[in-house]
Structures are given as C-alpha cells and as structure tokens.
Amino acid sequence: MSELDDPGDGKSKKKRGRPGRPPAPNKKPRKSPLEKCPMGVQRGRKANGMAQQNGEGDPVTLFEVVKQGKSAMQSVVDDWIESYKQDRDLALLDLINFFIQCSGCKGTVRIEMFRNMQNAEIIRKMTEEFDEDSGDYPLTISGPLWKKFRYNFCEFICVLIRQCQYSIIYDEYMMDTVISLLTGLSDSQVRAFRHTSTLAAMKLMTALVNVALNLSINQDNTQRQYETERNKMVGKRANEKLELLLQRRKELQENQDEIENMMNSIFKGIFVHRYRDAIAEIRAICIEEIGVWMKMYSDAFLNDSYLKYVGWTLHDRQGEVRLKCLKALQNLYTNRELFPKLELFTNRFKDRIVSMTLDKEYDVAVEAIRLVTLILHEDALSNEDCENVYHLVYSAHRPVAVAAGEFLHRKLFSRHDPQAEEALAKRRGRSSPNGNLIRMLVLFFLESELHEHAAYLVDSLWESSQELLKDWECMTELLLEEPVQGEEVLSDRQESALIELTICTIRQAAEAHPPVGRGTGKRVLTAKERKTQIDDKNKLTEHFIMALPMLLSKYQTDAEKVANLLQIPQYFDLDVYSAGRMEKHLDALLKQIKFVVEKHTDMEVLEACSKTYSILCSEEYTIMNRVDIGRSQLIDELAERFNHSVEELLQAGEEADDDDIYNVLSTLKKLTAFHNAHDLTRWDLFGNCYRLLRTGIEQGSMPEQIAVQALQCSHYSILWQLVKITEGAPSKDDLLALRRVVKSFLAVCQQCLSNVNTPVKEQAFMLLCDLLMIFSHQLTTGSREGLQPLVFNPDSSLQNELLNFILDHVFIDQDDENQKGDEEDEANKIEALHKRRNLLAAFSKLIIYDIVDMPAAADIFKHYMKYYNDYGDIIKETLSKTRQTDKILCAKTLILSLQQLFNELIQDQGPNLDRTSSHVSGIKELARRFALTFGLDQIKTREAVATLHKDGIEFAFKYQNPKGPEYPPPNLAFLEVLCEFSSKLLRQDKKTVHSYLEKFMTEQMMERREDIWLPLISYRNSLLTGGDEDRMSITSGSSSSKAGSIRSKKGRPPMHKKRIEEESVESSWMMRNDTLQTPGALQTPQLTSTVLRENPRQAAEHLPEQNSEPGSESDYVHKRGLMEDDAEPIFEDVMMSSRGQLEDMSEEFEDTMVIDLPPSRNRRERAELRPDFFDSAAMIEDESVRMNRQGFNLLYKYRITLPCIIFAE
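Here the structure is a predicted model, which means the values were calculated and not measured.

What counts, and at which threshold
- Residues numbered from 1 in each chain as written.
- Predicted model: local features only at pLDDT ≥ 70, side-chain atom pairs only at ≥ 80, totals over all residues.
- Heavy atoms only, no water.
- Helix = DSSP H or I, 4+ residues; strand = E, 2+ residues; numbered from the N terminus.
- Buried < 20%, exposed > 50% of the residue type's maximum accessible area, 1.4 Å probe, protein only.
- Contact = heavy atoms within 4.5 Å.
- UniProt positions renumbered as here; feature names shortened; annotations may be inferred.
- Axes fitted to C-alpha atoms, helices over the stretch in contact; angles between N-to-C directions.
- Parallel < 35°, antiparallel > 145°, perpendicular 65-115°, else oblique.
- Left-handed = near helix turned anticlockwise from the far one by under 90°.
- Phe/Tyr/Trp six-rings, centres within 6.5 Å; stacked < 30°, edge-to-face > 60°.
- Lys NZ or Arg CZ within 6 Å of the ring centre and 35° of its normal.
- Expected span 1.5 Å × (residues − 1).
- Arc of directions from axis to C-beta.
- Salt bridge = Lys/Arg side-chain N within 4 Å of Asp/Glu carboxyl O.
- Polar contact = N/O pair within 3.5 Å; in protein donor to acceptor, adjacent residues only side chain to side chain.
- Nonpolar A, V, L, I, M, F, W, Y, C, P; charged D, E, K, R; others polar.
- pLDDT = per-residue confidence, 0-100.
- Patch = residues over 30% accessible without salt bridge, like charges linked within 9 Å, V, L, I, M, F, W, Y side chains within 5 Å.
- Areas by Shrake-Rupley, 256 points an atom, 1.4 Å probe, with all protein chains shown as cover.
- Lys, Arg positive; Asp, Glu negative; His and termini not counted.
- Charge placed at Lys NZ, Arg CZ, Asp CG, Glu CD.

### Observations regarding the overall build of the protein
Here comes step 1: Within the protein one finds 53 helices and zero strands.
Here comes step 2: Sorting the 1209 residues of the protein into buried and exposed places 51% on the buried side.
Here comes step 3: In the protein, the share of contacts with a sequence separation of at least 24, taken over all contacts with a separation of at least 6, comes to 77%.

Printed below as a string of structure tokens:
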C-alpha cells in the first residue's frame, strides 16, 4: 500500500503533499541531522523492539526479507510505510536495525536504547557487540546470494524514497533519524559500518536527487500554468485557480528547500569525508554516485563545485577508484549537450586524463582512452595529445590497443563530409571512399616508425575499421593500376608498407584471432564468428587467386615484396581452385613462383617459395598432383645444375673463378631452402655436399657461404633419412648405413670447429649440438629400442672442443668484436648477442640432458655474475635443471666453478691474496648467489650442501705451504668463500662439518690468531656460532626456547634417535653410501598479529612531502579554504592522508558549500553566476606531467607505467 492511499479522516485540513505532519501555527526550525532526534515509546510490540517471527518461522525482519529477495521490493516498502503510519517509532526502530544488521553486526537496538541513548552511544554499543573474527560482512561476502543482497539493499533504499516522496520525507522525523544514523555510522572506525552506511547514504542521496528533479519539473510546469492563466483577460481569468497554483508553487518551493537541506546534510556530513576514505571501495562508491547525480540532474550538480571531486580523485592510488572516475566522466561526455558545462573541467584535467592512457592498470588505461575518444568530439585535444594515444595501437595488451584503434579511427578515418561520401560511395577500387583512407593508413604506419608491428596495427583497427581493412580490391588496385591524372603515385616504401598491411589483414581475416603476443591464445569462435571467418576466407581466396600472379609478375624482382606476397597462399581455401575451375590461375601462380626461384638467391624469398610449394602439395587437396609435377621438375633442374657445377668447381680446384663459385652457391642455396620443407633424399644431395666439405677441409680453400650451405643441406638430408627410418620398419643395413653417414658428418663438423671462418664454425657447432641431441640415448625411448645402433655419445675430446668453443665465442666482451674497424650499430649488437645466446643454449641443453658431463658446466657457472645481463637467465635455468637431475653432482659442479675462479686469481695475484680486493669480493658474491639457489628447504638440499662443504674443505687443505707447517696452506683463503654456504647447513650438520674440518687442522692451526689465518677462523665461527639460533631447525626436529613452549611433546623426537641421525649424516655425506635420514618436521604454530595501529596523525608528520600533479587536491593547498567541512579532519585514522587540507582557489566563494538547486524559470534570470573553481589565474601549471614524444615512445615500448599521485586529504 502506497502512502498516497492513506485513508485520512478529512476533518483537519492539511497541506497537499504533507500528510502526517502535525499542524502548527509557526513552522518549526529544521533540526540538524547530526543531532539526536527524540524517540517516542514503542507500542504494539515486544518491549525490546526485536522483530517477531510468525508461526511458520518465516523471516519478518527487513534484513531477512531484503536478503532473501522473495518479495517484490515495492510491497516490502509499502508494508513498512503502513507500519510507519501506525507507529512511526516502531517502524523507524526496524529501519535502524535493518542498517545495523546489513553491516554484519549481531547486536540489536532495543527500545531502551532507542528511547534514552544518543546516536553516538548506540553506535558505540553496537561496535562493542560487533563480531570481527572473520572480517567479512554482507557487502564483502562472495557468492550469488550476497551479490543479489547488495542489489536488493540499494533497490530498497531507492524504492523507499520513491514511495515516501510525497509526504513522509517531509515530516521532519523519518529522514532526520535516518540521515543522523547514517552520518554517525559513516564516521565509525569499524569498516563494515562505514562501508554499509556510505553505500546507503549515497543511494539515499541519489533517490533524493531524483525527487528534486521531479520537484523542479513540477515547479516549472506550475509556473507555466500560472503565467498562462494570469495572461488571460480579466473576464476569463479564474482567480481560484490562480490561488491554487500559487499555493501549489509555494508548497513545491518549500519541498524543494527541504530536499536541499537533506542533500546538504548527506553531502557535507558523509560525502566530503568518505570520498577520501582509507578504503578504496568506499571512495569508489562516492565517485560513482556523484557521477550519477551530475548526469541525472545536470542543472544542479554539473558544475565545477562538484566536478572538482572527480578531477581530484583521478589521482587516486587505487585503480578501482580511478576507474569509477573515468566511467562517471564517460557518462557525462556521451551527452554532447553537456559539453559547454564541461569545458573548464576539460581544460583543467585534460592532461591528467591523457596521461592515464598509460596507467599501470590496464582496465583504467582502456577507459581513459575511451574517455579521450569522447573528448575528441569537443576538439579540445592538441596534436601532441592525439599522438600520445596513437602509439597505443602497438600495445601488447589487446583491450588497450583496440581502444586506441577506435580513437585512431574516429580521428583519422571518419568521414566528415556526407555529400562527398555519397558521391564517392558509387565508385569502386582506388576511387572508392576507402582509397584515400588506405593511403592515410599507409602514411600513419610509416610515420609511426614501428614497421615490424603491422600485425598489431591491423589487429587494433580490426573491430572499428573492418570495412576499410577488408577492401582488398581497393588495395590491389592501388598496387597494380597506374595512378589517374592528378593522383599521387605510391612510392616504393609506401608500396612495401601497403603489401605488408595487406598480408596482415588477410591473416587476421583467415585466422580470426589476434597475432602472437596479444591474447592468451586461440579462443573458441562463436557460430557467427565462424561463419564470418569462412565468408572472409572465401572472399579473399576468390580475389587473390586471380590477383596474386599479377602482383608477383609486377614485383618479381623485389625480394622484400615477393617474400611478403608469397605468404598469401597459406591463407587460401585451396578447394576453390578445383571447385571454381580456376586451374589456369594455379598454373599462372606456379609459373611465377618458378620464375622467382630462378631469379632470386635471397634465403627469405627461397624459403617462402619452398613453404608455398609445401602448402599447395597437401595431400588433402585435388591440386596436389599438378603442383607435385611442377615441384619435381623444378628440383630436377636444380639438382642437375648443382651436380654439374660441383664437378666443375672440384675439377677447377684452386683455379676456380667467381662464376664457378656462384653457380654452386646459388643452386645449393635453393636446394637447401627446399630441403628444409621437402624430402629430397631421392636426389642424393648429401654426397656432393660431403665432397665439398671434405675438399674444403683438406685444401682449406672452400668459400665460406658454400661451406655453411653444404653443412645445412647435409643436416637436412640426415634428418629426412631419420624420419624415413622411424616411420617404417628399417633393416639392419639401413641403420648401419645411416650410422656411417651420421658418424662421417659429425667428424666433418668437429673438424670445422677449427675453421678460420667464424660463420662456418658457428654453423658446425649448432649442427653438432642438434645432432648429438637427436641421436642421444633418448632416441630409443618410447618402444624404439631398435634404434640403439644410431645412438652417439660424444667422447671427451669432442666435449672439450665444444666447451672451448663456448668459452672462446660466447663469453667475450662486446668491445672485443668491435676492434675490427667500423663500430656496429645497436641493431647489429643485439643480433650478435642473440646469436651468442643461441650458442650457449644449445650447449646447455647437452648438459641438462646428460649428453655432456655435468662438470663441464663449471666453466659456464663461473661466468654467472660477470655476464648476468646477457646470459643470466640461461645459466640460472641450466643450474636449476641440473640440480633436478643430480643434486650432489650439481653441488660439486658449483664448488668446482668457484675453485676454478680461485685458482685463476692465485695465478694472477700470487699466493698472498688481498682479501679486500674486488676480485675476491666477486668470488664471494658469486658464492652467495649460488647459496641462494638452494632455496629454503634445507632437508631436500641437506646432503648436497654437506658434499659441497666437504669438497671445499679438501680443496682448502689440498696443498701444504712449502715454507713449513707454521704457514697457512696456499688455498686457505678459499674457506672465506665457503662461509657463504654455512647458513644452508642444518645445525647438526654444522657440527659434523666442523668435525670433518678438524681432521685437517693441527693443534698449531687452532691456536693461531694472526690475520693470515682469518679465513679459517671465520669459517670455524660460521660452523660453531648461530647453531642455536638456526631458525630452520624447526623443520629438522630441534626447537627454540620460545617455540618449545607451544609445541607438543609428541612432536619432539627422542634424544637417542637424534644422536643416531647426526651420526648417520656424517657417514652419509662423507662415505656417500648410506641413505640420509632426517627427523620429522614439527608443525609450526599459527601466529596471530598483535601489531597496534600507528596513529596516522603522528605517522603523517614523518612523511616526506610529495610532489603533486595539476588537478590533484594538494595542488590547491596554500590557497584560501574551499569549504569548512572539506578541511575539517574527521576520524583521521580512516583517512587516506592527514597532511594538508582542502582549500579553495577562489577567495570570493563562501566558506560553507551548500547544494543550491537551480531556481525555477522565473528565478533563473535573477540568479548570480557562481564563482569559477578552475580560475586559470589561480592554477600552477606543472610541466612534470607532460611527456615529450620521445619519452612517450620509450615508456610505451618497455611498458613503463606512470605512478599515480597520492593526493592529500
């Protein structure tokens, strides 16, 4: 039942719209919501005021009803209104308990408390009864039930105000009580009270704004009716109607004043404090709702007085809050009629919004770009601002890139002339509307200077510019047709860019997923997306089947363009050739590819041709036979030419001229490129390649490129032979024949390691590593024991040669390579580093898979610190994998690497080392890094660490000092390095290691205290001290004094077992025979934090001053106070900061801000203009937030995010 249906007795005359208000000769002054309203005595219920249950046990409290959501919210509210009319105190008590229970509080406000206690006392009492064990409360509990509860909670408040808007909210009792309660709860230090009451208050404010908007509309309508009636002639004018209209206008104005007072109470008492709350979710609620107010009632709220709160909060340190700010602004900028009111705000905070496109939170960056796109319509962005957003189309994060693509589309590709568009729409091809747009896209791509990211650019524009990007007919015509008169000719660079963009659009349409590096992988397409993909693939296939041969014909001499164009067939639907009877176009394509193979020697082009043949030769298509015939003819010609040219070259010997060398090299390159993707073993290319390599080794005069290509072609031949053997049932003769081939080729590669040409050596090394990996012991796994004859294990000489190659060609300084003459540019340096990393990775795989002995890794591990930036990740991964294979052998390899460094240092500096030198410190730092790799679980690494100490001790005492026993051993200083691993020993193991150390020490050594003996003293101390303080001893069975009182006696091992274990440890790592026995780990007691909260006021005094950005709250400090309530610190311990106060930039603005709803039409002309909050004279422009173009590109390339400025209170 609505309040409008209240059956009045009709005897006492009441104002319209104010039923229930007691008549009074004079209007009572409105009470402040911060004061406690007097409570009447409840009637008709249980004396304690608690809700009753009906006989069936159904919930009757408001909280339970709203939580379950089974009843329509309007009926729930109508029932409450009915109870309020019967007994308003009892109804209000239900509403108060509703808010308390929605906060998760178990307490209940009783009638005595309601009658005698102030709001602050009630809240304090509820705080004492609050159960904070879990920390969860209804608004934070996860699950569908509580998610629905939040929605029902907000809906209940909105419906309550809507149903009460005609009378009850004006009775000066219900709203005063509710606002007073919510204000008190919002100041509570209990997060649940503060969060719940703030959400309730903001939704209450939103409902009141809606009421105020309706009042304003009714007031304008009444005023219009009054003026219409008054303008009538005297005889036709109805005086009674005029009086009724005047009375109604007066009532509406009074109601508006009441609503203004309520909204002022909520805004000043809750919003201005909670929008800077310590909890991000509370701040987000405030910003979200103020955005609703500004959009709903823009005449009252869309001004600088309220926009400043959103502007300041753009600097919030939590992405959730910044996200709400941006979404609130998006709702405003969507309505173009509001642009004039947003002009000052745009000018003030535009730089901050543009900088947020680089926000560290991707969701915030996406919304910032969308907001900037909306601002674009206002023409408020400079070219520099637009350029900052343009580059985001190359972002690796796809939502950011797509949003930037939408911005780019709106800025550059949107057509603004409808008449010209209509005239161009009838044209096709290069003269179509897309012709100029494609040219513009090419220019943008070239000017962006990120040419290798064409796929990213296309993907960014795919959702907003599909019509443009799928206009392959226009793209083809721009490439093939001659330009018309007056049309600018595409340059060679522009043609290359257009071809690259065309290839990317074809790939995007055919594969229907983002390029590599964007997204988490291929997602399952919907039925609609799948249909679109099929249609696009058919469309591009039908078009390029005819266009591709013509494009290849035009650009057949340009290697770069041809290599790109040859990628197109892999996206074809090859069934179209036979289904559409287009075999003649297939023949034209094969003819052009054969011509390209004959004309080019560039490996990229030849590999593209080889891949195209491989795709066209797929057995699932009927065109396979036609293509296979063409391929075989081509290979026959190449093989015959190769065999003939090899014979001529070998016969000429040292007298061979350049033509002989070119003939061999060109045909060998082509055959190598095809051998990669095609089985050419029936042409027996290995024989001539092997002859070329042997001749080069014996005579030492083989050209570098011929040797490299011969090695690669031989490698492919061996792999294809292995494929045939593994797929079939090979005979013993086949296995022996392949073994002889592999053995001979490995011998040739090993001999090539000493070649004078670096490319030959590097190629031989890579092939050696690959073949040793392929033909290793793992070849026989998976029921392939029959392949055992093919397994090769490298001997020690080959392992040493491989290791020496790594040391000579990988662990070198960049300067060593640049001594040849010309300085290499940055790109060449990166390429060289990439090549060296591949060499190291290839050798490391041999170590990891136990093909090369693990001790060889010592020469790699010792370079971990020196070459950390270049190879640190590879060395660390190698160390991790080898430890998984054999912990003890890995530990021995680590200590061996340190011993090698120590020996090198002894050789350089002599036996008297300066222990403070940087070289010694470097070895100790490397040991510390090695120690960290053992991790925290000392039980798992126990034996390995003990073995490491054993080898280190033996190395330190390996040699005696020739001067006599009173002098320290030459390697004694190594014990100082060994100290770095002492912390990884368990307490009982430290005693065992110390006992082992004493076996090498004489009585004289124990008594020496000179500086020269300090390494021994330090190592002994590291084993003796700290044992009782070993925190990891908890896991090994020992207990500290504090933890001992907590642990149960059951978990403590008996003493005699502990002694047995210690003895077994010593025998285990010294003898390496017995299995290591470890005591059971005790359960660590659960700890509870008892740290007291620091007083924020005191903490703030020690905080350094932070630089503020323009638009942040701190930007307004040291100016006259904006509003008294803004500057007033309310419960500082829940504020984000207590350093600074909000102050005004306008000295003319009044101290206390009051919500002033816009006057009705007859008063608007007399209203004075409000002061400008964004007075440019009062602002300090901070250039620190501006970014030059070069800095922006660097920031984005490496994804360096901008820090968010923390604003002051």
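### A few points about the UniProt feature "coiled-coil region" (unreviewed entry) in the protein
Here comes step 1: The feature "coiled-coil region" (unreviewed entry), as annotated in UniProt, sits at residues 235-265 in this numbering.
Here comes step 2: The span residues 235-265 is 87% helix and 0% strand, and its two end C-alpha atoms sit 48 Å from each other.

### Brief notes about the packing of helix α23 (residues 492-511) against helix α24 (residues 527-554)
Here comes step 1: Closest axis-to-axis distance for the α23/α24 pair is 9 Å, and the angle between their directions is 150°. Between α23 and α24, the angle falls in the class roughly antiparallel. Here the hand of the crossing between α23 and α24 comes out left-handed. For the pair formed by α23 and α24, the contact residues are Glu-495, Thr-502, Ile-506, Ala-509, Ala-510 and Glu-511 on the first element and Gln-533, Asp-536, Leu-540, Phe-544 and Lys-554 on the second.

### Focus: the packing of aromatic side chains
Here comes step 1: Scanning all chains against the criterion turns up 41 aromatic pairs.
Here comes step 2: Between Phe-572 and Tyr-577, the aromatic rings sit 6.4 Å apart at their centres with planes inclined by 65°, giving edge-to-face as the arrangement. Taken as a pair, Phe-572 and Tyr-577 share a single burial class, namely buried.
Here comes step 3: Each member of the aromatic cluster is reached from another via a ring pair, and the members are Phe-267, Phe-271, Tyr-275, Trp-293, Tyr-297, Phe-301, Tyr-306, Tyr-309 and Trp-312.
Here comes step 4: Arg-518 extends its terminal NZ or CZ atom over the ring of Tyr-456, reaching a point 4.3 Å from the ring centre.
Here comes step 5: In this arrangement the basic side chain of Arg-929 is found over the ring face of Tyr-868, its NZ or CZ atom lying 5.6 Å from the centre.

### With respect to helix α41 (residues 918-932)
Here comes step 1: With 15 residues, α41 should reach 21 Å at 1.5 Å per residue; the first-to-last C-alpha distance of 21 Å fits that figure.
Here comes step 2: Taken together, the buried positions of α41 are occupied by Val-920, Ile-923, Leu-926, Ala-927, Phe-930 and Ala-931. Across the axial projection of α41, the buried residues extend over an arc of 145°, all falling on one side. Exposed residues lying more than 90 degrees from the buried face of α41 are Ser-918 and Leu-932.
Here comes step 3: If you follow the buried residues of α41, they end up packed against α38 (858-861), α39 (868-885), α40 (887-909) and α43 (974-978).

### Details of the pattern of salt bridges
Here comes step 1: Enumeration over the complete set of coordinates arrives at 38 salt bridges.
Here comes step 2: Note that Lys-561 is salt-bridged to Asp-492, the shortest N-O span being 2.6 Å. One end of the pair, Lys-561, is in helix α25 (residues 559-565); the other, Asp-492, is in helix α23, and 69 residues separate them in sequence.
Here comes step 3: Between Glu-637 and Lys-594 there is a salt bridge whose closest N-O contact spans 3.4 Å. A residue pair is termed long-range when its members are at least 10 positions apart, and Glu-637 in helix α29 (residues 624-652) and Lys-594 in helix α27 (residues 583-599) qualify at 43 residues.
Here comes step 4: Glu-637 sits in the partly exposed class, given a relative accessible area of 32%.
Here comes step 5: Salt bridges here are not isolated pairs; linked through shared partners, they connect Asp-187, Arg-194, Arg-274 and Asp-277.

### Observations concerning the environment of Tyr-390
Here comes step 1: Within the secondary structure layout, Tyr-390 lies in helix α16 (residues 383-390).
Here comes step 2: Judged by its relative accessible area of 12%, Tyr-390 falls in the buried class.
Here comes step 3: In contact with Tyr-390, not counting residues within four places along its chain, are Phe-407, Leu-408, Lys-411, Leu-412 and Phe-444.

### Things to note about the side chain of Thr-672
Here comes step 1: Relative to the helices and strands, Thr-672 is located in helix α30 (residues 658-677).
Here comes step 2: Classification of Thr-672 by relative accessible area gives buried; the value is 2%.
Here comes step 3: Among the polar contacts made by the side chain of Thr-672, one reaches the main-chain carbonyl oxygen of Leu-668 at a distance of 2.7 Å.
Here comes step 4: Look past the residues within four positions of Thr-672 in its chain and what remains in contact with it is Gln-709, Gln-712, Cys-713 and Tyr-716.

### Concerning the side chain of Glu-289
Here comes step 1: If you trace the backbone, Glu-289 turns up in helix α10 (residues 280-296).
Here comes step 2: With a relative accessible area of 3%, Glu-289 lands in the buried category.
Here comes step 3: Among the polar contacts made by the side chain of Glu-289, one reaches the side chain of Lys-203 at a distance of 3.0 Å.
Here comes step 4: In this view, Glu-289 contacts Met-202, Lys-203 and Thr-206; residues no more than four positions away in its chain are not counted.

### What about helix α5 (residues 119-128)?
Here comes step 1: When we look at burial in α5, the residues that qualify are Asn-119, Ile-122, Ile-123 and Met-126. Seen from one end, α5 has its buried residues packed into an arc of 95°, which puts them on one side.

### Looking at unusual backbone geometry
Here comes step 1: Of note, the phi angle at Glu-172 is positive, near 60°, even though the residue is not glycine.
Here comes step 2: Following the sequence through the fold, Glu-172 ends up in the loop between α6 (144-164) and α7 (174-186).
Here comes step 3: In this structure, Asp-850 takes a positive phi of about 60° despite not being glycine.
Here comes step 4: Note on placement: Asp-850 falls in the loop between α37 (826-848) and α38.

### With respect to the packing of α10 against helix α13 (residues 319-333)
Helix-helix packing: each pair is described by the crossing angle between the helix axes and the interaxial distance.
Here comes step 1: Direction vectors running N to C along α10 and α13 enclose 5°, while the axes themselves pass 8 Å from each other. Regarding the angle of α10 to α13, the classification is roughly parallel. Between α10 and α13, the residues in contact are Ala-280, Glu-281, Arg-283, Ala-284, Ile-287, Glu-288, Gly-291, Met-294 and Lys-295 and Glu-320, Val-321, Lys-324, Cys-325, Ala-328, Asn-331 and Leu-332, respectively.
Here comes step 2: Class assignment for the residues of the contact of α10 with α13 results in eight nonpolar, two polar and six charged.

### Remarks on the confidence of the model for the protein
As a general rule, the predicted coordinates of low-pLDDT regions are not to be interpreted in detail.
Here comes step 1: When pLDDT is averaged along the protein, the result is 79, and 76% of the positions lie at 70 or above.
Here comes step 2: Counted against residues more than four places away or in other chains, residues 817-821, with its pLDDT under 50, gives six contacts.

### Structural notes on the environment of Ala-673
Here comes step 1: Residue position: Ala-673 is located in helix α30.
Here comes step 2: When its relative accessible area of 3% is taken as the criterion, Ala-673 is described as buried.
Here comes step 3: Spatially, the C-alpha atoms of Ala-673 and Asp-602 are 10.0 Å apart, while their sequence positions differ by 71 residues.
Here comes step 4: Among all residues touching Ala-673, those that are not within four sequence positions of it are Met-603, Leu-606, Glu-607 and Ser-610.

### Here's the deal with a negative patch on the surface
Here comes step 1: There is a patch of like negative charges on the surface, built from Glu-560, Asp-602, Glu-604 and Glu-607.
Here comes step 2: Tracing the chain through its elements places Glu-607 in helix α28 (residues 603-616).

### Some thoughts on the environment of Leu-901
Here comes step 1: Secondary-structure assignment places Leu-901 in helix α40.
Here comes step 2: For the pair Leu-901 and His-919, spaced 18 residues apart in the sequence, the C-alpha separation amounts to 9.4 Å.
Here comes step 3: In contact with Leu-901, other than residues within four places in its own chain, are Lys-862, Ile-923 and Leu-926.

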